[in-house]
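An overview of the molecular structure
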Amino acid sequence: MAAVGVVALLVVFGLALAAREPRLSGTDYTPPAAFVTALQPGQRACQGSELLPADTAAVRLTLGTYGRPGPRVTLTATGPAGRPLTRGVLAAGWHQGVVSIPVRHVSSATNNVRICVGVAPAPRASAIALGGNVEPGEEVEIDGRSFRGVRFRVDYLRPDRESWYELLPTIAHRFSIAKAGFLRSWEWAAALLLVFASAFLAIRTVLRSVAASERRA
Amino acid sequence: MPRAAWACAAVALLNGLAWSLITPPFEVPDENAHYAYVQQLAERGKLPRSAQPEGFFSPAEDGTLGTIYFYLIVGRPNDPAPFSEIDQREVEALERRHLRRTGNGNAFTATNNPPLFYAVQTIPYKLAGAAGGSVLDRLAAMRIVSVLMAAVTVLLVYLFLSELLPSSPLACTAGALVAALQPLFAFISSGVNNDALLYLAATGVLWGIARVFKRGLTPANGAILGAFVGFGLLAKLTLLAFVPAAAAAVAILLWRGLRRHQPGVLRGAAWAVGLGAVPIAVYYVLNRFVWHRSTVVGGLGTVTNSAVGRHFNRLEELSHIWQLFLPNLWMREQFPSYMPLWKTWFIGVVGRFGWLDYEFPLWLDDLALVLLIVVVTLALVELVRRRRALIARAAEAVVYALVPIGLAIVIGVQSYDSVVGNGAVFEQPRYLVPLLGLYGALVALAVRAGGRRWAPALAVAFVVLAVGHDIYGQALTIARYYA
């Protein structure tokens, strides 16, 4: 009975962990609460203070198209000294919503990055809107003109789709970030060990209790 | 003490430690406020007091909360914990600044709580500090003490069940293990939150009640019951919910004992009342006249000033309490957009984690409902089958029934005050976790219903399901914060 249950659990969790999906390499934590900026054909919106994380191969934005097919969109990321870090293009024809723009792979993290989103010029392109939030102290620059108090949401994605198994080394590393100093390097291993140890001890305890009750009977 | 009891406690310890490592710092509800309380007590030797501007803690804590993106993560299920080495370097740079550890003396939502939990937590706080620990180090050390409280809670669940069902050690083991693996209990107890000590005391009161009914109101048993009530009230005033049940148990057994001329019964009652009442009375006097703090959290009286233009109405309060826990029958709707019995309590207790910002998928809640119906049906079958024993222990059963009723009233009164006072939702699923002992008893009764033939299979099945439920909760938490 216990063996059947444990095997069933392992199969269910094993299959769930095999699901392959796009995984985050980071985010700028701006809530995508509303469309905060509109870009006309040929315009470009930029915002600074982004942390471009390592292992980024796509950038995810919330884009609106006013019901039309999406125009060609370009994205560039430049470092603090104006050094280009990566760029990417989303071909025309996409649908409004949450969209991913593939970019050249970024292998190391950079802080204070400027992200710019541009729309192809008319006549073939149409306007788009960028999803983000009202954020006091922030600003978005459109063609050199500053719009204060808004910010658009930027999510950074890792290459390809990954299963949880493939993501495990990354999760292990993330466990070490912003944690107690005495836990940092071994926290993921301890957590994994404790999860399995408590499950093992629980099942062993109930099995021993079953054996004891059968002896008494 | 049976080895199985220690094993169940060890499961709670290991599981709680796993949760404490998996859950990022300050992501257990109100952990920032509870940490601030401990810090105020440890650094200044004083209890916190309301101060303006509310919500600002010490520079050390505020700085840490900022660098770990606390305010950007809480309540936003799509925003993970910090990922990058750059974030880590900022945390380390902040730690090197050794910012001041005293604030304006305010501990936000925890300010008016009684001090016992926080006094205990000053020990790991100071030990971690003596080793040069930062805010995050101290928090991690304090979490270990909370987890130890969870382990003792599960030990008490086992002891309670073994008093309740002394001839069924297998049922007791299964009930205690399922309690140890309840994900919401483990999650809350893995953080710095005075609920951890409340759960321990509440389960201790249940054990104390079971002891006095089974072994008599001796001075020792009266002292055990009174002590759990007394220190539980100093942990969190929610334990007031258990006072009617404890008082009823003492009154019934005192009456029985006096009629039967049992020796020591008066002394047993005196110990229970003394240890139950004296600590809270002393706390009340000190709080009011020495520390000049508000005594009753949330207010158990009526609301005089409403920020949302509502008026306190006793009948409406009763209706609110009813609808908070039971389906609305004929009353004016108090929760027009949702049914608390399902959305707040059932789904929430199955597992709503973080600052109430992520939970299991709905299919699991549906499955849990089916399983609950099976467990309740089995437990009822067992009670009907043993109706003679149940009738003989009717007074004890009524006392246990007073526990959830008392808790419902304490939660409901504060919920109504909150709605009338400022229009806010007060209730959270974790407020039902003090009933963990009764949850274990339900499972134990269901196992016993299987009889000699099926009880082993039921016990194993329930424990394996509880393991799966708990690990799924941990996996959800990893996905929420690290992926």
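Everything numeric here is computed off the predicted structure, so don't read it as measured data.

The subject of this paragraph is the overall build of chain B. In terms of regular secondary structure, chain B is built from 20 helices and two strands. Its C-alpha radius of gyration of 23 Å places chain B within 12% of the 23 Å reference for a compact globule of 483 residues. Projecting the C-alpha coordinates of chain B onto the three principal axes gives extents of approximately 70 × 50 × 50 Å. Sorting the 483 residues of chain B into buried and exposed places 54% on the buried side. In chain B, 79% of the contacts between residues at least 6 apart in sequence involve partners at least 24 apart.

This part takes up the overall build of chain A. Across its full length, chain A carries three helices and 11 strands. Walking chain A from its N terminus toward its C terminus, one meets helices and strands in the order α-β-β-β-β-β-β-β-β-β-β-β-α-α. Compactness check: chain A gives a C-alpha radius of gyration of 24 Å against a globular reference of 17 Å for 217 residues, more than 25% above the reference. Referenced to the eigenvectors of the C-alpha coordinate spread, the extents of chain A come out at roughly 85 × 40 × 30 Å. Here chain A holds 217 residues, and 33% of them are scored as buried. In chain A, 75% of the contacts between residues at least 6 apart in sequence involve partners at least 24 apart.

The subject of this paragraph is the environment of E21(A). Structurally, E21(A) is set in strand β1 (residues 21-27). For the pair E21(A) and E162(A), spaced 141 residues apart in the sequence, the C-alpha separation amounts to 5.4 Å.

Within soluble globular proteins, side chains that are nonpolar generally end up buried alongside one another. Core analysis: the biggest nonpolar cluster contains 167 residues, and C8(B), V154(B), A174(B), L177(B) and V463(B) have the highest contact counts within it. With 20 residues, the top contributor of residues to this core is helix α7 (residues 135-164) of chain B. With residues near it in sequence (within four places) discarded, A174(B) still touches V206(A), V443(B), A444(B), V447(B), A459(B), F462(B) and V463(B).

If you look at the interface, chain B gives 53 residues, while chain A gives 46 residues. Those elements giving two or more residues to the side of chain B that touches chain A turn out to be α1 (3-22), α5 (85-96), α7, α8 (169-180) and α20 (451-482) of chain B. In terms of residue count, α20(B) provides more of the side of chain B that touches chain A than any other element does, 14 residues in total. Partitioning the side of chain B that touches chain A into residue classes produces 40 nonpolar, seven polar and six charged.

Within a regular strand, side chains alternate between the sheet's two faces. Residue and element names in this part refer to chain A. For strand β3 (residues 44-52) and strand β8 (residues 110-119), the ladder comprises six bridges, and the chain directions are antiparallel. Across the sheet, Q47 pairs through a bridge with I115, a residue of β8. Taken together, the six bridges between strand β5 (residues 73-78) and β8 define a ladder with antiparallel strand orientation. Looking across to β8, one finds that A77 is bridged to I115.

Turning our attention to helix α19 (residues 436-449) of chain B. All names here are of chain B. A rise of 1.5 Å per residue sets the reference length of α19, with its 14 residues, at 20 Å; its end C-alpha atoms lie 20 Å apart and thus fit the reference within 8%. Here α19 lies mainly inside the structure; 13 of its 14 residues are buried. Of the residues trailing α19, G451 is marked for its positive phi of about 65°.

Let us now look at the environment of P31(A). In this structure, P31(A) sits in the loop between β1 and β2 (34-39). According to the C-beta neighbour criterion, P31(A) is partly exposed, with 17 such atoms within 10 Å. Here the alpha-carbon distance between P31(A) and G132(A), two residues 101 residues apart in the chain, equals 6.0 Å. In this structure P31(A) touches N133(A) and R76(B), once residues within four positions along its chain are discounted.

Residues and elements named next belong to chain B. It is at 9 Å that the axes of α8 and α20 come closest, and there the two elements cross at 10°. On the basis of their axis angle, the class for α8 and α20 is roughly parallel. Note on element contacts: α20 touches α8 through A455, P456, A459, F462, V463 and A466, opposite L170, A171, A174, L177 and V178. Each residue belonging to the contact of α8 with α20 can be placed in one class, and the counts come to 11 nonpolar, no polar and no charged.

For the rest of this paragraph, the subject is the confidence of the model for chain B. For chain B, mean pLDDT is 94; residues scoring 70 or higher make up 98% of the total. The ipTM, which scores confidence in the relative placement of chains, is 0.94 for this predicted complex, and the corresponding pTM is 0.95.

The end-to-end C-alpha separation of helix α18 (residues 394-422) of chain B is 42 Å, in line with the 42 Å expected for 29 residues at 1.5 Å each. G423(B) occupies a position one or two residues after α18(B) and carries a positive phi of about 75°.

Before going further, it helps to spend a moment on the packing of α8(B) against α19(B). All names here are of chain B. Remark: α8 packs on α19, axes separated minimally by 8 Å, with the N-to-C direction vectors making an angle of 140°. It follows that α8 is oblique to α19 by the angle criterion. The way α8 lies across α19 gives a crossing that is right-handed. From α8, L170, A171, C172, A174, G175, A176, V178 and A179 reach across to α19, where they touch L436, Y439, G440, A441, V443, A444, V447 and R448. Partitioned by chemical class, the residues of the contact of α8 with α19 number 13 nonpolar, two polar and one charged.

The rules behind each value
- Residues numbered from 1 in each chain as written.
- Chains lettered and ligands numbered in written order.
- Predicted model: local features only at pLDDT ≥ 70, side-chain atom pairs only at ≥ 80, totals over all residues.
- Helix = DSSP H or I, 4+ residues; strand = E, 2+ residues; numbered from the N terminus.
- Rg over C-alpha atoms; globule rule 2.2 N^0.38 Å.
- Buried ≥ 20, exposed ≤ 12 C-beta atoms within 10 Å, placed from the backbone.
- Contact = placed C-beta atoms within 7 Å.
- Core = buried A, V, L, I, M, F, W, Y, C linked by C-beta atoms within 7 Å.
- Nonpolar A, V, L, I, M, F, W, Y, C, P; charged D, E, K, R; others polar.
- Pairing = 2+ DSSP bridges.
- Expected span 1.5 Å × (residues − 1).
- Axes fitted to C-alpha atoms, helices over the stretch in contact; angles between N-to-C directions.
- Parallel < 35°, antiparallel > 145°, perpendicular 65-115°, else oblique.
- pLDDT = per-residue confidence, 0-100.
- Left-handed = near helix turned anticlockwise from the far one by under 90°.

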